[in-house]
Amino acid sequence: MDYGGCKYLVPCGKDKYISKNELLLHLKTYNIYYEGQNLQLRHREEEGELIVEGLLNISWGLRRPTRLQMQDDNQRIRPPPSSSSWHSGCNLGAHGSVLKPSTLPDIQVTDAEATPNVEAPRSGAGEPGSDPPEETPQLMRTRSDVGVRRRGSARTPSEQRRIRRHRFSINGHFYNHKTSVFTPAYGSVTNVRINSTMTTPQVLKLLLNKFKIENSAEEFALYIVHTSGEKQKLRASDYPLIARILQGPCEQVSKVFLMEKDQVEEVTYDVAQYIKFEMPVLRSFIQKLEEEEDREVKKLMRKYSILRLMIEQRLEEISEGPTAM
């Protein structure tokens, strides 16, 4: 296979191809622009196929709220099945007595792993005169305001790092009963790690899964939005990473947006040329078009008036001919 010429083509959509050399030139320009940043792309060849991989910046352009999944690493506390569960913050001995913990951690409402800062009673739970801790009801209300893990599921530091790597937030939003439904700030940017073989639906599913968004991927689409106002929807057969490379690296010229399918209409290049004009300029365009239309209408009317006159004269000649004989 000739990799040096234009015979080696790389697919960039349905029935759309680009030569390997041209794509590599675009890729070189892209990496020079992002030199020293993590947005640089790498490429390799597998079984004769050129594969580009790296981070793709995607801007949020949603108009409706999104729903975050409730099933998450952080779970809300369920209602206690019995009164004994009110002592879940304490350690019970073999005979039901309360054992005093060796250290008393501080309560931190923002920390999902916080444990109650309540000192255990000095007497056993079964001894007469021992009162139940007064802080327990308040403690349960405090813990229900944040996501916490199930009891008895302490995580090691390595597990916590793994969770942080695989659990992301949109502008700091994780699931809880207050912010489970919200709209990301318009124009805010995130990124996903993809490769040039991933199609638009695959990138959409990857992005929604990264942020634990419950909405279906069928509700959204990726658009390339230019500063001129042009909006180009990426088809299901397109490869977003290659489309980004071909558009160029500068996001001041064009960006990839995540938007709702039914909220955005595509804007062609021809239409986008007029979007940035002021109203007086647009009115002058309309006036000129109306004048040109009037001239064309008058021209057509004169043409057909002449044809009508010629037809009427011929009809008179035909009708007078038999009577003259």
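Residues numbered from 1 in each chain as written. Predicted model: local features only at pLDDT ≥ 70, side-chain atom pairs only at ≥ 80, totals over all residues. Heavy atoms only, no water.

A.B. asks: Which residues make up the pairing of strand E10 (residues 220-226), and what values go with them?
C.D. replies: A regular strand places its side chains on the two faces of the sheet in alternate fashion. Burial of E10 is extensive: seven of the seven residues sit out of reach of the surface. A two-sided burial pattern is seen for E10, the buried positions comprising Phe220, Leu222, Ile224 and His226 on one face and Ala221, Tyr223 and Val225 on the other. With seven bridges joining them, E10 and strand E12 (residues 254-260) adopt antiparallel strand pairing. Counted as the bridge partner of Leu222 is Leu258 from E12. As paired elements, E10 and strand E11 (residues 231-233) share three bridges and run antiparallel to each other. Of the residues in E11, the one forming a bridge with Ile224 is Gln232. Hairpin connection from E10 to E11: four residues lie between these consecutive antiparallel strands, with Gly229 at a positive phi of about 105°. (Buried < 20%, exposed > 50% of the residue type's maximum accessible area, 1.4 Å probe, protein only. Helix = DSSP H or I, 4+ residues; strand = E, 2+ residues; numbered from the N terminus. Pairing = 2+ DSSP bridges.)

A.B. asks: Before we move on, could you go through the pattern of salt bridges and cite the residues and values that matter?
C.D. replies: Considering all chains together, one arrives at eleven salt bridges under this definition. Its salt-bridge partner being Arg44, residue Glu46 comes within 2.7 Å of it at the nearest N-O pair. Taking relative accessible area as the criterion, Glu46 reaches 38% and is therefore assigned partly exposed. Since its relative accessible area comes to 30%, Arg44 is described here as partly exposed. One salt-bridge network, in which partners are shared between bridges, spans Arg42, Arg44, Glu46 and Glu53. (Salt bridge = Lys/Arg side-chain N within 4 Å of Asp/Glu carboxyl O.)

A.B. asks: Explain the confidence of the model for the protein residue by residue, including any values.
C.D. replies: Model confidence for the protein is summarised by a mean pLDDT of 74, while 65% of its residues fall at 70 or above. Taken together, the stretch residues 75-80 has pLDDT below 50 and engages in twelve contacts with residues farther than four places along the chain or on a different chain. In this model residues 132-150 is a low-confidence stretch, pLDDT under 50, and it forms 32 contacts with partners more than four residues away in sequence or in other chains. (pLDDT = per-residue confidence, 0-100. Contact = heavy atoms within 4.5 Å.)

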